[in-house]
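Close look at the chain arrangement
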Amino acid sequence: MSTPRSLQEWVHWLEVGGGALWLRRGVFAAGVLILSGLAGYKQFRGPASEETFAQAAMARQLAEGRGFSTPVNYPQTAAWARGRGGRFFGPGAEGAPPELHHAPLYPLVIAGALRIFPAEARAGLFGRTPEPPDGFRADYVLLALNVLLLWCAAWQTWRLARRWFDAPTARVAAGAVLVSAPVWQAAAAVNGAPLAMVLLLALFQIGAAAGGRAAGRAAFVPAAAGAGVVCGLLVLTDYAAGAVLPAALAGAWRRGGGARAAGVLLAAFAVVAGPWAGRNFALTGNPLAFAWQGVALKAGDPAAEPAGARARFSAEAPRIDAAKLGNKVLASLQRGLGVEAWSGGGLLLTAFFAAGCLHRFRGGEANGARRVFVAALGAWVVARAFLDSGEGERSPWVCAAPVMAVFGARFFVVLVASRAASGAHAAHAARVARAAWVLLAVQALPLARELAEPRKLHFSYPPYYPALFQGVARQVGGGGAAAALPGGAAGWMCDVPAGAAWYGGGAAGEAGAAGEAGGAGEAGGAGAAGKPGAAGGAGAAGGAGAAGGRVWARAATVRDFLEVNAVQPQAALVLTPHTLARPFFAELAKGGEPLPAAAAAAGGADTWAQVYRGLAAGRVPPGFPLSQVVRVADDLLVLVNPALMPPPASGAAQSEARGAGCSGASLSH
């Protein structure tokens, strides 16, 4: 149609011409943008777990050109490094330990998003203190990234359903993904689940694009290579997702590719995942590095707590207890089948998917893909039950929700169509459309309930206090007696070290950069005022500053603390509600040896009980290096070594710090 010239032609173009299609697309895009903004506004509270913070901190290292290292220092890693000559813990940024606990792809994607920003703007993301009700600026980058990945997953869902089935099925499946509460919760948790969704959908899109057996064996070789690449990327996103590989191999073999396609798939997988596995094996003797220890660990079990294993100054691997492993696997499977698969009614199409597994679709390609999907999901769920310690938030059931929505939507459309009168095509289409709207409305009820919150919930940071962490990092890396140490290499401990590194790492870097530029006082206090370019380069100067404020996980025992203190002197220990809520009082009930100076120097005390009892009494036991206590709030304490870190100057500074406990102010003055 030519360009409309009159008002009547414009009306006709919008009603029945090409403009109607663009109008519908525009309305849909606007609806998705409004939904995304509302969901982010109401649901996002910042990263919620150390698992997510650790991956984000690794991404920050990548974005700043420090490779696959981590600013989070665990006593376990330090003990391992000591066995290798301690070369990973020298002064300066080059001494940052390698990342040994997490897969690298999600941090790599975050790093790519951070690198979009110029160096000065990127420093501003981390250097400014959030003012309630706003959040940390870098956290919003994580949210935007996960929302973009979710949009991509919804588009892939539509494409896959259209390829296998038809347009009504595609609309129902994509709409169900966009209005599913668990899917949006995973995106708002910024834990990388949308990235796994995109990769799993890509795996089945590659198979669908290859066509059926009639396409010939040669057509499956490029598809097998693509499937191998995607399987490798899945493993680099979540180690447990490596269980998808056997199902993908079986699918490539079954579809007519034979041994040749399976070999190509394995070769492509090895090319993608092999370098990372080789790097881990060269460092630790295991292709998963320290992540394999999740088999022997279980969150919530005091004898097998993952954080406790990382906090011990010992390179000895935890012992695998068969009984505990069996209980952990059964509990994980029960939680997955009973809760995560259904997500409180949010994934309504899961029921249609489960019921439709007994139905044979007319297209044989979709039936074969469904068998491969069931096998892949089952293997991923079982592998996660064994390998995951319970700290991770990335559920295979949520990651597989878009593919389940495709099959569930098709079975739903088949059920509705079976009740339509024969030959009444228009009536059939109208019936399917009405039923689809009802289904999506019911699917959206849990999300609508969450978005109906009449006011925006303020960011609630316990146990993460961004500005408090920034203040401690500035003081540890900003000068004083710590500057006289080799490389100014004092460190500080925290019971939430990954969050402290993500929020507090920038402050120390800016202080270091400002010091190189000759203006440490002004730039260090301003936060974002220290410009990397003016300071002679963000990489070197900022890195040195960050090294001066290196963050350690709170050691499991006083003995472990003293071992860490020998590796790097500790200027402060930050105890948040993570410790001071329940574990603190559990430690108070324990016994413990006295802590005189001689016994402390010899590492004679093996628990924190005496230190915690001293905190409850308002004084630290004699001989403990962190002798001064700053009470920021009832559930927030900072233990300071006055020889390495200048304490708050007066009661006014402490009053400011108490305000920081709720709003995130700094200890600096």
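Residues numbered from 1 in each chain as written. Predicted model: local features only at pLDDT ≥ 70, side-chain atom pairs only at ≥ 80, totals over all residues. Heavy atoms only, no water.

**Description of the overall build of the protein chain**
Helix and strand content of the protein chain: 30 helices and six strands. Counting only residues that meet the buried cut, the protein chain has 54% of its 669 residues in that class. Across the protein chain, the fraction of contacts at a sequence separation of at least 24, relative to all contacts at a separation of at least 6, is 75%. Approximately 27,700 Å² of the protein chain is accessible, and the part contributed by carbon and sulfur atoms is 62%. (Helix = DSSP H or I, 4+ residues; strand = E, 2+ residues; numbered from the N terminus. Buried < 20%, exposed > 50% of the residue type's maximum accessible area, 1.4 Å probe, protein only. Contact = heavy atoms within 4.5 Å. Areas by Shrake-Rupley, 256 points an atom, 1.4 Å probe, with all protein chains shown as cover.)

**Side note on the sheet that holds strand E2 (residues 491-494)**
Sheet architecture is open: six strands sit in the order E1-E3-E2-E4-E6-E5, paired in mixed fashion. Unpaired on one side and paired on the other, strand E1 (72-73) and strand E5 (628-633) mark the two borders of the sheet. As paired strands, E2 and strand E3 (residues 550-553) are joined by four bridges and run parallel to one another. Residue pairing in the sheet places Gly-491 in a bridge with Arg-550 of E3. (Pairing = 2+ DSSP bridges.)

**Concerning the packing of aromatic side chains**
For the coordinates displayed, the defined rule picks out 22 aromatic pairs. Between Trp-164 and Phe-407, the ring centres sit 5.2 Å apart and the planes meet at 25°, which makes this aromatic pair stacked. Residue Trp-164 is located in helix H7 (residues 137-164), and its partner Phe-407 is located in helix H18 (residues 401-417); the two are separated by 243 residues in the primary sequence. With respect to class, Trp-164 is no different from Phe-407; both count as buried. Between Phe-353 and Phe-373 the ring centres are 5.7 Å apart and the planes differ by 75°, which places this aromatic pair in the edge-to-face class. Taken as a pair, Phe-353 in helix H15 (residues 349-356) and Phe-373 in helix H16 (residues 364-387) lie far apart in primary sequence, 20 residues in all. We note that Phe-353, like Phe-373, is buried. Among the aromatic residues, those joined into a ring-pair cluster are Trp-164, Phe-165, Phe-204, Phe-353, Phe-361, Phe-373 and Phe-407. (Phe/Tyr/Trp six-rings, centres within 6.5 Å; stacked < 30°, edge-to-face > 60°.)

**A word on the packing of H7 against helix H8 (residues 167-178)**
Put simply, H7 and H8 touch, their axes get as near as 7 Å, and they point 160° apart. Classified by the angle between their axes, H7 and H8 sit roughly antiparallel to one another. Read as a crossing pair, H7 and H8 show a hand that is right-handed. Counting all contacts with H7, which are made through Leu-150, Ala-154, Thr-157, Trp-158, Ala-161 and Arg-162, the residues of H8 involved are Ala-167, Thr-169, Ala-170, Arg-171, Ala-173, Ala-174, Val-177 and Leu-178. A per-class count over the contact of H7 with H8 returns 10 nonpolar, two polar and two charged. (Axes fitted to C-alpha atoms, helices over the stretch in contact; angles between N-to-C directions. Parallel < 35°, antiparallel > 145°, perpendicular 65-115°, else oblique. Left-handed = near helix turned anticlockwise from the far one by under 90°. Nonpolar A, V, L, I, M, F, W, Y, C, P; charged D, E, K, R; others polar.)

**Structural notes on the pairing of strand E4 (residues 570-575)**
For E4, the buried fraction is high: six of the six residues fall into the buried class. Looking at chain direction, E2 and E4 are connected through four bridges and run parallel. The residue of E4 that forms the bridge with Cys-494 is Val-574. Across four bridges, E4 lies against strand E6 (residues 636-640) in antiparallel orientation. For Leu-575, the partnering residue across the bridge sits in E6 and is Leu-637.

**Focus on the environment of Gln-628**
Looking at the secondary structure, you find Gln-628 in strand E5. Distance in space between the C-alpha atoms of Gln-628 and Leu-639 is 5.6 Å, their sequence separation being 11 residues.

**Remarks on the nonpolar core**
Nonpolar side chains in soluble globular proteins tend to end up buried together. By size, the foremost hydrophobic cluster in this structure holds 153 residues, and its most contacted members are Trp-164, Phe-373 and Trp-492. When residues of this core are assigned to their parent elements, the largest contribution, 13 residues, is made by H7. Not counting chain neighbours up to four residues away, the residues in contact with Trp-164 comprise Phe-204, Ala-208, Glu-365, Ala-366, Ala-369, Val-406 and Phe-407. Core analysis: the next-biggest nonpolar cluster, separate from the first, contains 22 residues, Met-493, Leu-575, Leu-626 and Leu-639 among them. (Core = buried A, V, L, I, M, F, W, Y, C linked by side-chain atoms within 4.5 Å.)

**As for the environment of Gln-76**
Checked against the element boundaries, Gln-76 lands in helix H4 (residues 75-83). Residue class for Gln-76 comes out buried when judged on its relative accessible area of 2%. The spacing of Gln-76 and Ala-555 is 479 residues in sequence and 9.3 Å in space, taken between C-alpha atoms. Every residue in contact with Gln-76, bar those within four places of it in the chain, is listed here: His-101, Phe-290, Gln-293, Ala-309, Arg-310, Arg-312 and Ser-314.

**Describing unusual backbone geometry**
Most peptide bonds are trans, and most residues other than glycine sit at a negative phi. Despite not being glycine, Val-190 has its phi angle at roughly 45°, a positive value. For Val-190, the position within the fold is in the loop between helix H9 (181-188) and helix H10 (193-210). Given a relative accessible area of 0%, Val-190 falls into the buried group. For Ala-289, which is not glycine, the phi torsion reads 55° and is therefore positive. Along the chain, Ala-289 falls in the loop between helix H12 (244-284) and helix H13 (306-310).

**Thoughts on the pattern of salt bridges**
All chains considered together, the criterion is met by 10 salt bridges. One salt bridge connects Arg-82 with Glu-563, and the closest N-O pair in it is separated by 3.4 Å. With a gap of 481 residues between them, Arg-82 in helix H4 and Glu-563 in helix H25 (residues 558-567) connect regions that are remote in the sequence. We note a salt bridge from Arg-310 to Glu-391, for which the minimum N-O separation is 3.0 Å. Taken together, the residues Arg-310 in helix H13 and Glu-391 in the loop between H16 and helix H17 (396-399) connect sequence positions 81 residues apart. Residue class for Arg-310 comes out buried when judged on its relative accessible area of 15%. Since its relative accessible area comes to 22%, Glu-391 is described here as partly exposed. (Salt bridge = Lys/Arg side-chain N within 4 Å of Asp/Glu carboxyl O.)

**Some points on helix H11 (residues 220-237)**
Look at H11: 25 Å from first C-alpha to last across 18 residues, which is about the 26 Å you get at 1.5 Å a residue. Extensive coverage of H11 is indicated by the burial of 14 of its 18 residues. (Expected span 1.5 Å × (residues − 1).)

**Side note on a nonpolar patch on the surface**
Taken together, the side chains of Val-438, Val-442 and Leu-445 present a nonpolar region at the surface, about 270 Å² in accessible area. Mapping Val-442 onto the fold places it in helix H19 (residues 425-443). Classification of Val-442 as partly exposed rests on a relative accessible area of 39%. (Patch = residues over 30% accessible without salt bridge, like charges linked within 9 Å, V, L, I, M, F, W, Y side chains within 5 Å.)

**Focus on the packing of H15 against H18**
The description of two helices packed together rests on the angle between their axes and the distance between the axes. Contact geometry for H15 and H18: axes closest at 7 Å, N-to-C directions at 75°. What the angle tells us is that H15 and H18 run roughly perpendicular. Contact residues: Leu-349, Thr-350, Phe-352, Phe-353, Ala-355 and Gly-356 in H15; Met-404, Ala-405, Phe-407, Gly-408, Ala-409, Phe-411, Phe-412 and Leu-415 in H18. Among the residues forming the contact of H15 with H18, the class breakdown is 11 nonpolar, three polar and no charged.

**A word on the confidence of the model for the protein chain**
Chain-level statistics for the protein chain give a pLDDT mean of 79 and a share of 76% at 70 or above. Long-range and interchain partners of residues 508-548, a stretch whose pLDDT sits below 50, account for 62 contacts in this model, where long-range means more than four residues apart. Across residues 649-669 the pLDDT falls below 50, and counting only partners more than four positions away or on other chains, this stretch makes 45 contacts in the model. (pLDDT = per-residue confidence, 0-100.)

**Section: the side chain of His-102**
Structurally, the position occupied by His-102 is in the loop between H4 and helix H5 (105-115). Residue contacts for His-102: discarding those within four places in its chain leaves Glu-51, Ala-54, Gln-55, Tyr-239 and Trp-276.

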